[in-house]
Amino acid sequence: MQRRQQRAQTDRLKFNGNDLSALVSCKVNRPIMPPVNAKFESVSGRDGELFKSAYFDGYDLPVDIWLRSDDRRDAATVRHALAQMLYTTEPAPLYLPDDPTRYLLAIVTGDTDLGEITDSSPSTTIKFHVGDPFYYGQKRRADASAGTFTINAGGDIPTHLRITAKPASSAAWYIQNVDTGEQVKLSSSVTSSSTVRVDMAQEHATVNNSLAAVTLDSDFFTVEGRTKLRLSSGTAVLEWWERWL
């Protein structure tokens, strides 16, 4: 009875659009935050160390699972179904039980001893690797016209924009982060019939689906919180995902 009560409190794990809790009970063992990689450097003739840098590392996220059924004969069926749910060739959204509105990008790594998932034996553990240490929340969108405007990025970590724009003149098109001065500017002119797309995360721009060069002083920037932007001409649709620590 105690084990069943514990399982009831640790359910609802979703991966790549599949609800794993339909087949197994899950218990997630996750850290408060991703591991921090802090680098220091010793200096000859001086006490202590000098701080150099710090950043978040990727990490493994172990999930303990139990077969829901009391019948050991169900284990083979569950193994095959879980294999279909768990296998991906690239990271996919992982929703954890206590945070159903935000997801991690994860991929299953290492051994998965699914032969152990029976009620009469200890739980087995599935290991997800999280390379991108941040959570993703709502997808947001903003419509913009030429000039200065403000967006609210949401989340608590800087995020990247995807922009689809229709210029209104032949002048070189740009979008600028007014708060920081960073901008992405095309190195050649466009027409009012052009479609400009900029992916800040992938750091590339296209015009009519062909790769477009940007000026040397361009810098693919992130946005955080309330951010003031400037669009050179025409209209644009901005899309992004909230990111959370």
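Our subject is the structure listed above.
Draft legend 1. Molecular detail of the pattern of salt bridges. Counted under the stated rule, the structure contains six salt bridges. In this structure, Arg-102 engages Asp-99 in a salt bridge whose closest nitrogen and oxygen atoms are separated by 3.3 Å. Of the residues examined, Arg-102 reaches a relative accessible area of 26% and is grouped as partly exposed. The exposure class assigned to Asp-99 is buried, which follows from its relative accessible area of 12%.

Draft legend 2. Just the side chain of Asp-99, in detail. Secondary-structure assignment places Asp-99 in the loop between strand 7 (92–95) and strand 8 (103–108). Sequence-distant contacts of Asp-99, that is, excluding residues within four places in its chain, are made with Arg-30 and Tyr-135.

Draft legend 3. Up close: unusual backbone geometry. Not every positive phi belongs to a glycine, and Asn-16 is a case in point at roughly 55 degrees. Along the chain, Asn-16 turns up in the loop between strand 1 (14–15) and strand 2 (18–19). Non-glycine residue Asn-209 carries a positive phi angle of around 70 degrees. Tracing the backbone shows Asn-209 in the loop between strand 16 (204–207) and strand 17 (210–212).

Draft legend 4. Region of interest: a nonpolar patch on the surface. A cluster of nonpolar side chains, namely Ile-32, Met-33, Val-36 and Leu-245, defines an oily patch on the protein surface of about 430 Å² accessible area. Tracing the backbone through its elements, the reader meets Ile-32 in the loop between strand 3 (24–28) and strand 4 (36–42). Judged by relative accessible area, which is 88%, Ile-32 ranks as exposed.

Reading the values: the criteria
Residues numbered from 1 in each chain as written. Predicted model: local features only at pLDDT ≥ 70, side-chain atom pairs only at ≥ 80, totals over all residues. Heavy atoms only, no water. Salt bridge = Lys/Arg side-chain N within 4 Å of Asp/Glu carboxyl O. Buried < 20%, exposed > 50% of the residue type's maximum accessible area, 1.4 Å probe, protein only. Helix = DSSP H or I, 4+ residues; strand = E, 2+ residues; numbered from the N terminus. Contact = heavy atoms within 4.5 Å. Patch = residues over 30% accessible without salt bridge, like charges linked within 9 Å, V, L, I, M, F, W, Y side chains within 5 Å. Areas by Shrake-Rupley, 256 points an atom, 1.4 Å probe, with all protein chains shown as cover.

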